[in-house]
Amino acid sequence: MEGIQNDFSRGSIVRNIVNLAVPMTLAQLINVLYNVVDRIYIGRIPGAGSLPLTGVGLCLPIISMVTAFANLFGMGGAPLCSIERGRGNVDEAEKIMGNSFSMMILFGIGLTVLGIALKRPMLYLFGASDNTYLYADQYVTIYLLGSLFVMTGLGMNSFINSQGFGRIGMMTVLLGAVSNIILDPIFIFVLDMGVQGAALATIISQALSAAWILKFLTGKKTILKLRRSAMKLEKKRVLSIMGLGLSGFTMSITNSLVQIVCNATLRDFGGDLYVGVMTVINSIREVVQLPVQGLTNSAQPVMGYNYGAKEYSRVREAIRFTSVVAIVYTCAMWAGLYFAPEFFIGIFSSEPELMEIGVPAMHIYYFGFFMMSLQMAGQSVFVALGRAKNAVFFSIFRKVIIVFPLTVILPHLWGLGTDGVFLAEPISNFIGGLACYATMLFTVWRELGRKGKMAEGGEA
């Protein structure tokens, strides 16, 4: 029975993706709550105004860096596991998972040490002022001390989902999120720990999630087991994991880079309040783009498995379904964000000044939001089929080549000022999304069609 368990080459492609997508999306939504709930509570600390929220916003680049390394080994190893499992190579799939875990532990320790040593210059580089540094320092110090739990929780959950255990993956994240929601108000308000309480609640919650994951992956119900013998690092295998994981890594690192530049530019052109507005906008984006992330990430193991099993027409069907749903959803969300920005901003802060600045900023930042779905759909195909170079290139292209220079240049042109910072994102969505998806259609889509015809001819 274990040999045919979660065989993605059988049954409806749509059903296979949806069966993974629903729990995975819920899991990712819950996962985002780790940080978003912190910001909701922090925005309501009595008598502090928007400074604590702005201070935590300055920590987002560091949080993105930790996430980047979790993606490097989690999103790099999980698709390779799916491909090898589709080929029937269970032993190699387990070694890929074991090597990924070892690298997460090593890099988690390294990030903690470097982050603590360099936090002060980093936070000022990221846009901190003397007014906001105290809050940023309080949050990031505790967060970095628990980065090993964060990396294990985020990275290893990919290996649960890639085996088809979407509900287990969701329960893993649910455990931590519920803990965080309960602990946050206790630590922040009851124990009067403020920003430090929010960070401590997050780390304790991530530790619980990490423990749950390791228990499952070493237990009897998993298909691929996390074995000590599989953790011995092998250079070729590690390079393959990192090569494919570079896409997710690059996306997180470039997000971190863009956040740094945005915060520093907004501080110079508008002050701390504009950095607070960007914190709110980033928090909203984390939530509203989740269904697309959940859908595209859930399609990856299905695509990878069918590609390994040489079911090329099923891979094309998965691409078609994923793309249509992603575009329809993001169009609907764009309408909601445009017509009701006050509702979304009000979740995090009710300050009149922040609301006044935030509404026009939202209209600019989310213009053409649906184009982002093309970038995510295209990149998910490249990652699922092991095309690391394409995935990495388009991550760099959108954020580094387009967003980064526009964020620096536009505020100086035509008196745009802070509006120029918010305008860089929609421009990058249009250019980057079209380029990524068109490349996927002209390369992968055509190749799958050609291989599908050859396979049918061979069978005939």
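As the structure is a prediction and not an experimental result, all values here were calculated from the model. (Residues numbered from 1 in each chain as written. Predicted model: local features only at pLDDT ≥ 70, side-chain atom pairs only at ≥ 80, totals over all residues. Heavy atoms only, no water.)

Considering the packing of helix H4 (residues 90-125) against helix H5 (residues 133-145)
Two elements in contact, H4 and H5, have axes whose closest approach is 10 Å; the angle formed by their N-to-C orientations is 170°. With respect to H5, the element H4 is oriented roughly antiparallel. Between H4 and H5, the residues in contact are Leu111, Thr112, Gly115, Ile116, Lys119, Arg120, Leu123 and Tyr124 and Tyr133, Ala136, Asp137, Val140, Thr141, Leu144 and Leu145, respectively. When its residues are assigned to classes, the contact of H4 with H5 shows nine nonpolar, three polar and three charged. (Axes fitted to C-alpha atoms, helices over the stretch in contact; angles between N-to-C directions. Helix = DSSP H or I, 4+ residues; strand = E, 2+ residues; numbered from the N terminus. Parallel < 35°, antiparallel > 145°, perpendicular 65-115°, else oblique. Contact = heavy atoms within 4.5 Å. Nonpolar A, V, L, I, M, F, W, Y, C, P; charged D, E, K, R; others polar.)

With respect to the nonpolar core
Within soluble globular proteins, side chains that are nonpolar generally end up buried alongside one another. Core analysis: the largest hydrophobic core is formed by 125 residues, its most contacted members being Tyr139, Met156, Ile284, Met303 and Leu385. When sequence neighbours within four positions are dropped, the list of residues in contact with Leu385 reads Ile83, Met303, Tyr307, Val315, Val444 and Leu448. (Core = buried A, V, L, I, M, F, W, Y, C linked by side-chain atoms within 4.5 Å. Buried < 20%, exposed > 50% of the residue type's maximum accessible area, 1.4 Å probe, protein only.)

Concerning the pattern of salt bridges
Applying the stated criterion across every chain, the model contains seven salt bridges. Linking Lys119 and Asp137 is a salt bridge whose minimum nitrogen-to-oxygen distance equals 3.0 Å. Highlighted residues: Lys119 in helix H4 and Asp137 in helix H5, separated in sequence by 18 residues. Judged by its relative accessible area of 17%, Lys119 falls in the buried class. Note on Asp137: relative accessible area 18%, which makes it buried. Sharing partners across several salt bridges, the network here consists of Glu92, Glu234 and Arg237. (Salt bridge = Lys/Arg side-chain N within 4 Å of Asp/Glu carboxyl O.)

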